[in-house]
Amino acid sequence: LALAPVVSPPSSVDGFVKQFLTNLNFDQGVSLSESDANDQYLALAGTVRDYLMARWLEDQARQNEQQSKTVCYLSAEYLLGRQLDNNLLAARLTDIATDALAQCGIDINDLRELEVEPGLGNGGLGRLAACFIDSLATMSVPNIGYGIRYEYGIFRQTFVDGEQVEQPDAWLRMGSPWDFPHPEAAQTISFGGRTETYDDNGTERTRWIPDWSVLAVPYNMMVPGYHNGRVNTLRLWRAVATNAFDLRIFNSGDYEESVRAQTFAENISKVLYPEDSTPQGKELRLQQQYFFVSASIRDFIDTVLPADYDLTKLPDRVIFQLNDTHPVIGVPELMRVLIDEKGMEWDDAWAITQQCFAYTCHTLLPEALEVWPVDLLGRLLPRHLEIIYRINEEFLEEVRERFGDDMLRIRNMSIIGEHPYRSVRMAYLATVAGAKVNGVAELHSQLLRDKVLHDFAEMYPDKFTNVTNGITPRRFIRLANPSLAELITEALGAGWTIDLERLRGLEALAEDPEFRERFGAVKAANKRRLNEVLFQRDGVHVDETHMLDVMVKRLHEYKRQMLKVLHIVTLYDGIASGRVAAADVTPRTFIFGAKAAPGYAMAKRIIHLINAVGSVVNNDPRVEGRLKVIFPPNYNVTLAEKVIPAADLSEQISLAGKEASGTGNMKFALNGALTIGTDDGANVEIRQLVGDDNFFLFGMTEPEVEVLWAQGYTPADFYQAHAGLRGALDLISSGAFSEGDRSVFEPVVSNLLYDDRFMVLADYASYIAAQERVDAAYADQDAWTKSAILNVARSGFFSSDRSMRDYIDRIWHTPPVL
Ligand SMILES: CCc1ccc([C@H](C)CC(=O)N[C@@H]2O[C@H](CO)[C@@H](O)[C@H](O)[C@H]2O)cc1
């Protein structure tokens with residue numbers, strides 16, 4: 001019996017009904033007639049999980065027996081989105097489940113809406129991780145996604161008088177049917193204490209005597225491949241106290257103290273840090289990073305490798321991909337395990353470590369590069385600091401050998417920074433330790449080589465490579481835009497879902513008026529769907545006759561939501577002042593989606609301004625039917641899936657040289673929106689592929705930005721020089737959007753006039769000119785639709801499957817296990 005294969009329930013409506021009722025009755029403990037929607041949803045999720053379980057167990061067995069090389073993706077964030085539909089799609093169960101539930105008198109749509117998306121990420125980096133693990137499963141590449149099972153994900157955003165107010169994201173409250181705990185595989189994670197050396201048969205060794213420890217309990221989520229019967233694992237760690245409850249203290253009556261250890265321990269995986277570019281350097285954040293990385297590395301060695309595996313061959317079995325600097329403490333951790341626990345010599349351990357790690361950098365903002373004060377790191381992880389010091393020592397020796405005693409270079413390249421305080425530069429540690437270092441778009445990777453990590457690229461030219469980001473077409477076309485998916489499948493067959501370059505086949509159809517007709521109808525239908533969703537969700541209407549001009553991404557000054565605001569105010573001012581006839585303005589609805597890090601004051605003010613401009617514009621009869629601003633709160637993956645398919649214009653307007661890649665830009669192009677954008681991040685590659693005629697380019701290039709910055713940038717000069725700009729800024733300063741109270745948005749305007757680090761004013765004129773080109777183009781709907789079809793046809797490159805192929809070829813060398 002032990003060898004009996006796990007049998008999936010029969011993939012039939014009857015089989016599904018049987019499994020569903022079994023789960024409802026025996027897992028949820030209710031009868032169908034007694035059950036409420038949440039019971040039914042949890043039973044449905046459990047049933048889908050049962051169908052995937054057999055595949056998962058088979059896969060694990062296959063990978064173990066084949067001793068295949070595994071990609072361990074170490075990420076502090078996974079922005080997964082809702083699971084139900086993706087799992088149904090992957091397992092070809094959508095129709096079966098829909099019919100089975102209908103047989104039980106249940107409308108699956110009602111249950112679908114109950115699912116709370118796991119918001120275990122902030123933005124681009126977290127969502128990219130989710131797209132990547134979907135692609136690896138679909139490509140049958142052995143992969144374990146390791147991360148943290150935060151009890152509270154990214155905050156829920158509400159607006160109070162137009163201002164962002166954060167609510168805790170209690171996503172687990174109604175149960176989490178998609179993951180299941182494995183306490184038997186818990187790892188003990190230690191902190192604090194000191195180190196001591198001891199003699200081990202003539203060899204001096206070091207051991208760490210920690211102060212305290214917590215348990216890391218893994219929760220597995222299944223990551224199903226699309227239509228290939230494969231299931232990989234997402235393994236998220238939860239912190240619990242080693243001794244949850246101190247009976248002695250309890251019996252002494254100090255009940256609170258008796259459970260303190262538990263609450264203290266649980267804090268580690270309590271909540272996601274809501275910053276997405278400015279590290280706060282908080283100790284708990286470092287605890288989180290070490291907690292999940294230590295658990296993951298030891299879990300892989302203990303549970304995936306055979307017990308007696310020869311660790312000198314570790315690079316044959318695993319590559320740990322570092323998703324930005326957040327998991328880099330994993331480098332000294334692997335060294336500690338190999339040397340202190342496995343008794344390996346330093347040089348052997350270092351040689352292995354350098355082959356087992358690779359580092360992806362996701363940013364260009366110097367302030368986003370994490371540095372940890374040596375005091376904090378030394379107190380929390382004394383042994384790791386020792387190891388980092390020795391890594392740095394040996395590295396600087398190598399620098400000296402290579403470049404001589406060049407003190408400036410040595411100080412610039414040292415993993416240990418001296419100013420403003422002695423700290424460990426995690427990006428440098430990752431670069432020195434990683435077998436490969438990559439950026440996430442061609443321009444980004446070039447800027448890493450030329451600027452951010454220039455000295456390292458000079459020393460290790462072969463280490464630096466690029467892998468342009470991608471998105472999964474399963475979620476962001478098949479699931480988010482079923483009517484477009486249907487149209488494409490009808491035209492090209494279904495193969496495009498796992499081979500997105502096949503979209504090229506649509507190029508010819510762009511010439512076909514009938515196909516254009518149908519493509520336009522899909523866009524119109526998605527606008528109507530968005531209208532229903534936003535009316536039900538927030539009580540606002542979307543006018544499907546309007547151009548939908550969409551800007552959805554985290555709120556950050558470098559992304560320049562303020563440039564979009566100035567465009568809206570310029571249009572509004574034109575009509576309101578009578579300078580422009582309303583009839584001459586293309587009817588537009590501006591849709592924003594954006595969360596600001598709670599501590600990012602300027603970002604929160606800009607959110608307030610967008611809502612304030614919106615309420616004035618939306619209630620001014622002079623622009624009624626011409627201009628409308630919609631800002632649904634709590635932008636997340638689920639809302640993105642409804643907004644992106646309805647968009648006509650995709651706003652990708654960051655200052656050139658600041659957005660590492662962007663991935664929203666790719667989702668919009670693949671859903672038939674045209675892009676207005678700068679030559680920044682992956683916009684450059686989108687424009688190169690879709691063609692200049694199908695992209696509204698504006699603004700300075702990165703070198704031009706550097707030149708203007710070097711020669712001294714005076715934003716007020718642009719204010720003086722441009723009447724439209726002056727009018728828009730003056731209108732905001734006048735209090736027109738704040739009931740006459742000039743003080744409310746004064747900081748936003750003066751920041752632009754006297755600082756403007758991201759050159760909003762410098763790019764304003766070019767942006768407005770580009771928007772006029774958009775208006776002209778949109779007037780010819782047929783030509784616009786043709787251009788939209790060409791955007792879809794030529795964007796197959798931006799599949800995360802292609803990104804995975806590039807990682808496999810250039811960094812991982814982990815062929816699919818078929
Ligand atoms: C510690 C604070 C912190 C948290 C998150 C981050 C992330 C790296 C920020 C991020 O999400 N970067 C985005 O990553 C995307 C995926 O590669 C890119 O497409 C975006 O351009 C980049 O901003 C930096 C610093």
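All figures in this text were calculated on a predicted structure; none of them were measured in a lab. (Residues numbered from 1 in each chain as written. Predicted model: local features only at pLDDT ≥ 70, side-chain atom pairs only at ≥ 80, totals over all residues. Heavy atoms only, no water.)

This next bit is on helix α13 (residues 346-356). Here α13 has its buried residues at Trp346, Ala349, Trp350, Ile352, Thr353 and Cys356. What you see down the axis of α13 is that its buried residues fit within an arc of 165 degrees, all on one side. (Buried < 20%, exposed > 50% of the residue type's maximum accessible area, 1.4 Å probe, protein only. Helix = DSSP H or I, 4+ residues; strand = E, 2+ residues; numbered from the N terminus. Arc of directions from axis to C-beta.)

This next bit is on the sheet that holds strand β20 (residues 547-552). Spatially, six strands are ordered β22-β21-β20-β23-β24-β25 in an open sheet, and the strand pairing comes out parallel. Single-partner strands in this sheet number two, and they are β22 (627-630) and β25 (695-697). Sheet twist, expressed as the mean angle between neighbouring strand axes with direction ignored, is 20 degrees. With four bridges joining them, strand β21 (residues 588-593) and β22 adopt parallel strand pairing. Looking at the pairing, Phe590 lines up with Val629 of β22. The strands that helix α24 (residues 561-576) touches are β20, β21, β22 and β23 (649-652); relative to β21, the one it contacts most, it runs at about 155 degrees. Running at roughly 160 degrees to β25, helix α33 (residues 760-779) makes contact with β20, β21, β23, β24 (674-677) and β25 of the sheet. (Pairing = 2+ DSSP bridges. Axes fitted to C-alpha atoms, helices over the stretch in contact; angles between N-to-C directions. Contact = heavy atoms within 4.5 Å.)

With that settled, consider the site of the ligand. Among the 21 residues in the neighbourhood of the ligand, the closest are listed as His362, Asn469, Glu659, Ser661 and Gly662. Tyr558 is positioned such that a nitrogen or oxygen atom in its side chain is 3.0 Å from an oxygen atom of the ligand. Between Ser661 and the ligand, the recorded distance is 3.0 Å, taken from a backbone N or O atom to an oxygen atom. Among the elements that line the shell around the ligand, the one with the most residues is helix α6 (residues 124-138), at three residues. Taken together, the residues of the shell around the ligand sort by class into seven nonpolar, eight polar and six charged. Counting contributing residues, the shell around the ligand receives three or more from each of domain 1 (67-82 + 117-468 + 805-812) and domain 2 (473-798). (Near = heavy atom within 4 Å. Polar contact = N/O pair within 3.5 Å; in protein donor to acceptor, adjacent residues only side chain to side chain. Nonpolar A, V, L, I, M, F, W, Y, C, P; charged D, E, K, R; others polar. Domains from an automatic or database assignment.)

Glancing now at the environment of Trp372. Examined against the element boundaries, Trp372 turns out to sit in strand β15 (residues 371-373). A residue is classified by how much of its surface remains accessible, and Trp372, at 1% relative accessible area, is buried. Once the C-alpha coordinates of Trp372 and Met426 are considered, the two residues, 54 residues apart in sequence, prove to be 7.5 Å apart. Excluding residues that lie within four positions of it along the chain, Trp372 makes contacts with Gly281, Lys282, Arg285, Leu286, Gln289, Leu377, Ser423, Val424 and Met426.

What follows covers the pairing of β23. Both faces of β23 are covered, namely the face carrying Leu649 and Glu651 and the face carrying Ser650 and Gln652. Bridge count between β20 and β23: two bridges; the pairing is parallel. Residue pairing across strands places Val550 opposite Ser650, the latter belonging to β23. Strand direction decides the pairing type here: β23 and β24, joined by four bridges, are parallel. Within β24, the residue paired with Gln652 across the bridge is Gly677. The handedness of the β23 to β24 crossover, carried by helix α27 (residues 664-670), is right-handed. (Right-handed = clockwise from strand over helix to strand, strands pointing away.)

Okay, unusual backbone geometry next. Cis rather than trans, the peptide bond between His419 and Pro420 has omega equal to -5 degrees. The residue Pro420 is located in the loop between β16 (416-417) and β17 (423-425) in this model. The phi dihedral of Gln67 is positive, around 45 degrees, even though this residue is not glycine. The backbone of Glu739 shows a phi angle near 45 degrees, a positive value even though the residue is not glycine.

Before going further, it helps to examine the packing of helix α1 (residues 13-27) against helix α2 (residues 37-66). Put simply, α1 and α2 touch, their axes get as near as 8 Å, and they point 125 degrees apart. The angle between the axes of α1 and α2 places the two elements in the oblique class. Two packed elements cross with a definite hand, and for α1 against α2 that hand is right-handed. Note on element contacts: α2 touches α1 through Asp39, Gln40, Ala43, Leu44, Gly46, Thr47, Val48, Asp50 and Tyr51, opposite Gly15, Phe16, Gln19, Phe20, Asn23 and Leu24. Grouping the constituent residues of the contact of α1 with α2 by class yields seven nonpolar, six polar and two charged. (Parallel < 35°, antiparallel > 145°, perpendicular 65-115°, else oblique. Left-handed = near helix turned anticlockwise from the far one by under 90°.)

This part is about the confidence of the model for the protein. Detailed reading of the predicted coordinates is not advisable wherever pLDDT falls low. Mean pLDDT for the protein: 96, with 100% of residues reaching 70 or above. Per the prediction output, this complex has pTM 0.98; the corresponding ipTM is 0.99. (pLDDT = per-residue confidence, 0-100.)

Let us look at the domain arrangement of the protein. Each domain of the protein was delimited in the assignment, giving domain 1 (67-82 + 117-468 + 805-812) and domain 2 (473-798). One C-alpha centre belongs to domain 1, the other to domain 2; they are set 35 Å apart. The largest share of the area that domain 1 buries against domain 2 comes from Gln157, Phe159 and Tyr226, three residues that together contribute 17% of it. Across the pair Arg757 and Glu367 runs a salt bridge, and its minimum N-O distance is 3.2 Å. On inspection of domain 1 and its partner domain 2, the count reaches 21 residue pairs in polar contact (both at pLDDT 80 or more). (Buried area = accessible area lost by both parts, 1.4 Å probe. Salt bridge = Lys/Arg side-chain N within 4 Å of Asp/Glu carboxyl O.)

In protein structure, a disulfide is the covalent linkage between the sulfur atoms of two cysteines. Summed over the entire model, instances satisfying the criterion amount to zero disulfides. Of the cysteine sulfurs around Cys72, a residue in no disulfide, the closest is that of Cys356, at 9.7 Å. Not engaged in a disulfide, the cysteine Cys131 finds its nearest cysteine sulfur in Cys361; these two sulfurs lie 19 Å apart. (Disulfide = S-S within 2.5 Å.)

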